[in-house]
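One-letter residues, chain by chain:
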Amino acid sequence: MNVRAAKVGVWFYMLFTLASFVTTIIFYISTTGMGTIAIAGLPLWMAYTVFSVIKSIADLIGPQQRVANFTRMLDRWEDAFESRGKALLLLFFMTMAVGAIKLAVPVILVQF
């Protein structure tokens, strides 16, 4: 029942990760006078985001393990809240929160 919502969640997770990757590349190329933490941290963050995007794409094409995980999570939330709407609202909030954190990491790394 929650498979479609789970797929949308996985797509948004992947898009936020891709946006974080692009932001990291832009900061790495355009920022001058970066500190040691930024010089070491930005490439590590880029590697993580590339891995995560590739894994998300492979998951959407292949066995869809992440979609299954999102679906099970939504089912548990739906049981806990006794409302599908509340479970979907929580999925939306959690996806936006994780996306905001993913976009904030490169900004924070550039500051150091």
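Quick look at the structure, then. (Residues numbered from 1 in each chain as written. Predicted model: local features only at pLDDT ≥ 70, side-chain atom pairs only at ≥ 80, totals over all residues. Heavy atoms only, no water.)

## Some thoughts on the nonpolar core
Next, step 1: In terms of nonpolar packing, the biggest core is built from twelve residues, these being Ala5, Ala6, Val10, Met14, Val53, Leu60, Val67, Phe70, Leu74, Trp77, Ala87 and Leu91.
Next, step 2: Looking at this core, the elements that each hand over two or more residues are helix 1 (3-30), helix 2 (36-61), helix 3 (65-81) and helix 4 (84-111).
Next, step 3: In this structure, Phe70 is in contact with Ala6, Gly9, Val10 and Leu91, ignoring residues within four places of it in sequence.
Next, step 4: Of all hydrophobic cores here, the second largest spans six residues; its members include Met34, Leu42, Trp45 and Leu109. (Core = buried A, V, L, I, M, F, W, Y, C linked by side-chain atoms within 4.5 Å. Buried < 20%, exposed > 50% of the residue type's maximum accessible area, 1.4 Å probe, protein only. Helix = DSSP H or I, 4+ residues; strand = E, 2+ residues; numbered from the N terminus. Contact = heavy atoms within 4.5 Å.)

## Comments concerning the packing of aromatic side chains
Next, step 1: By the definition in use, this model includes one aromatic pair.
Next, step 2: Judged by centre distance (5.1 Å) and plane angle (40 degrees), the rings of Trp45 and Tyr48 are tilted. Of this pair, Trp45 and Tyr48 both sit in helix 2, three residues apart, which is roughly one turn of the helix.
Next, step 3: Owing to a relative accessible area of 16%, Trp45 belongs among the buried residues under this scheme.
Next, step 4: Tyr48 gets classed as partly exposed once you look at its relative accessible area, which sits at 34%. (Phe/Tyr/Trp six-rings, centres within 6.5 Å; stacked < 30°, edge-to-face > 60°.)

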